[in-house]
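# Structural description and commentary
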Amino acid sequence: MSDLSAVIHALQSTFDQTFYEKTAFIPQAEEVIRIFKGFRSLLCQYPLHKDTAGQQALLENCTRSLEKQILNSLCLLCRQKGDCAACRAEAAHTARAFADALPDIQKLLLTDIRAAYEGDPAAVDEIETLLCYPGVLAVTYQRMAHFLYRRGVRIVPRIITEYAHSLTGIDIHPGAQIGPAFFIDHGTGVVIGETCVIGARVKLYQGVTLGAKSFPLDEHGHPVKGIKRHPNIGDDVIIYAETTVLGNITVGEGSVIGANKWITQDVPPHSKIN
């Protein structure tokens, strides 16, 4: 085989010309996934239940590794265009805060597990929903990702939720705010946008989209970022399969929306849309 060094040089130079100095600070997706698999095993206490020493070692390893990936994520978007003391301090603080928050995230996860068990007559045990239900898996990763997203970490949370998306077919942006006891039944094709706010005890079926109605453009024709553009879903709402809810609207508490509906206006509380 002929010398392929010219190919390598071309690949490197083209990438560098496109992304400039950012190339040194790209979070490693495979490492992020490994880290959050570890955190998930701690949340679920599986398979390390009662192995305190093993759990502590895993927590320390994952937290240390998370700090490095957070640093990469912060440096990638930092205006200093490089590794700086501010990013290092923020990465260390955020990684430790995440570790400290795991018990609270676990409490939320337990409400999701119970909601899945209570909401599905086919479920024979809560452990079954933890081990087998794609909705529980997707929400577990999203809740962890959301913690980091709220603290200004951007790339790492997207890696986590897109990994969950690839496993489950459920696409939940890490920015979405989700209340306790959230249940996605079946799950395939569910999409939940960045600025969604979802209340307590909400139940979605497969194919539901909570999306944006349109994307306002700036003077250059680019989408305006950082605005509220996704729905607000009140407590105790049920949305059945393949329904699409678009825009910064509100579905009032206790409402039930049937399958295959197109919703672009507010829904009053306790409504039934068949």
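Its place among the elements puts Gln69 in helix α3 (residues 52-77). By relative accessible area, Gln69 is classed as buried at 1%. Setting aside chain neighbours within four positions, we find Gln69 in contact with Pro27, Gln28, Glu31, Val32, Ile35 and Val156.

The subject of this paragraph is a nonpolar patch on the surface. On the surface, Leu4, Val7, Ile8 and Leu11 cluster together to form a nonpolar patch covering roughly 360 Å² of accessible area. Take Leu4: it is sitting in the segment before α1 (5-19). Judged by relative accessible area, which is 42%, Leu4 ranks as partly exposed.

Let us look at the packing of aromatic side chains. Under the defined criterion, the tally for this structure stands at 6 aromatic pairs. In this structure, Arg151 packs its charged tip against the face of Phe147, placed 3.6 Å from the ring centre. Over the ring of Tyr149 we find Arg154; its NZ or CZ atom is 3.9 Å from the centre of that ring.

Below, the discussion takes up the nonpolar core. By size, the foremost hydrophobic cluster in this structure holds 46 residues, and its most contacted members are Phe36, Phe39, Leu66, Phe98 and Leu148. Those elements giving two or more residues to this core turn out to be α2 (29-44), α3, α4 (85-119), α6 (134-150) and α7 (155-168). The element best represented in this core is α4, accounting for 11 residues. When neighbours within four sequence positions are excluded, Phe98 is seen to be in contact with Phe36, Phe39, Leu66, Ile105, Met144, Phe147 and Leu148. The next biggest cluster of nonpolar side chains, apart from the first, holds 25 residues, and it includes Ile178, Ile184, Val190 and Val267.

Sheet architecture is open: 4 strands sit in the order β2-β5-β8-β11, paired in parallel fashion. A single partner strand is all that each edge strand has here, and the edge strands are β2 (177-178) and β11 (250-251). As judged from the 2 bridges shared by strand β8 (residues 232-233) and β11, these two strands associate in the parallel manner. Bridge pairing links Asn232 to Thr250 in β11.

Moving on, we get to the sheet that holds strand β14 (residues 272-273). Strand order in the open sheet formed by 5 strands is β3-β6-β9-β12-β14, and the pairing between neighbours is parallel. Two strands close off the open sheet at either side, each with one partner strand: β3 (183-185) and β14. The sheet contact formed by β3 and strand β6 (residues 203-205) spans 3 bridges and is parallel. Bridging from a neighbouring strand, Phe183 pairs with Lys203 of β6.

Moving on: the layout of surface pockets. In this structure, the largest pocket encloses a volume near 360 Å³. In this structure, the largest pocket is lined by Tyr149, Arg154, Arg158, His173, Glu194, Phe215, Pro223, Val224, Lys225, Gly226, Arg229 and His230. A class-by-class count of the residues in the lining of the largest pocket yields 4 nonpolar, 3 polar and 5 charged.

Turning our attention to the pattern of salt bridges. Counting across every chain of the model gives 6 salt bridges. A salt bridge links Asp100 to Arg96; its shortest N-O distance comes to 2.9 Å. Linking Asp100 with Arg96, this pair stays in helix α4, spanning 4 residues, or about one helical turn. Overall, the relative accessible area of 53% leaves Arg96 in the exposed class. Asp236 is paired through a salt bridge with Arg201; the nearest N and O atoms lie 2.7 Å apart. On the criterion of sequence distance, the pair formed by Asp236 in the loop between β8 and β9 (238-239) and Arg201 in the loop between β5 (197-198) and β6 is long-range, its members being 35 residues apart.

Calculation rules
- Residues numbered from 1 in each chain as written.
- Predicted model: local features only at pLDDT ≥ 70, side-chain atom pairs only at ≥ 80, totals over all residues.
- Heavy atoms only, no water.
- Helix = DSSP H or I, 4+ residues; strand = E, 2+ residues; numbered from the N terminus.
- Buried < 20%, exposed > 50% of the residue type's maximum accessible area, 1.4 Å probe, protein only.
- Contact = heavy atoms within 4.5 Å.
- Patch = residues over 30% accessible without salt bridge, like charges linked within 9 Å, V, L, I, M, F, W, Y side chains within 5 Å.
- Areas by Shrake-Rupley, 256 points an atom, 1.4 Å probe, with all protein chains shown as cover.
- Salt bridge = Lys/Arg side-chain N within 4 Å of Asp/Glu carboxyl O.
- Phe/Tyr/Trp six-rings, centres within 6.5 Å; stacked < 30°, edge-to-face > 60°.
- Lys NZ or Arg CZ within 6 Å of the ring centre and 35° of its normal.
- Core = buried A, V, L, I, M, F, W, Y, C linked by side-chain atoms within 4.5 Å.
- Pairing = 2+ DSSP bridges.
- 1 Å grid on protein atoms, 1.4 Å probe; cavity = no way out; pocket = protein on both sides within 12 Å on 5 of 7 lines; lining within 4 Å.
- Points joined across faces, edges and corners; volume = space filled by probe spheres on them.
- Nonpolar A, V, L, I, M, F, W, Y, C, P; charged D, E, K, R; others polar.

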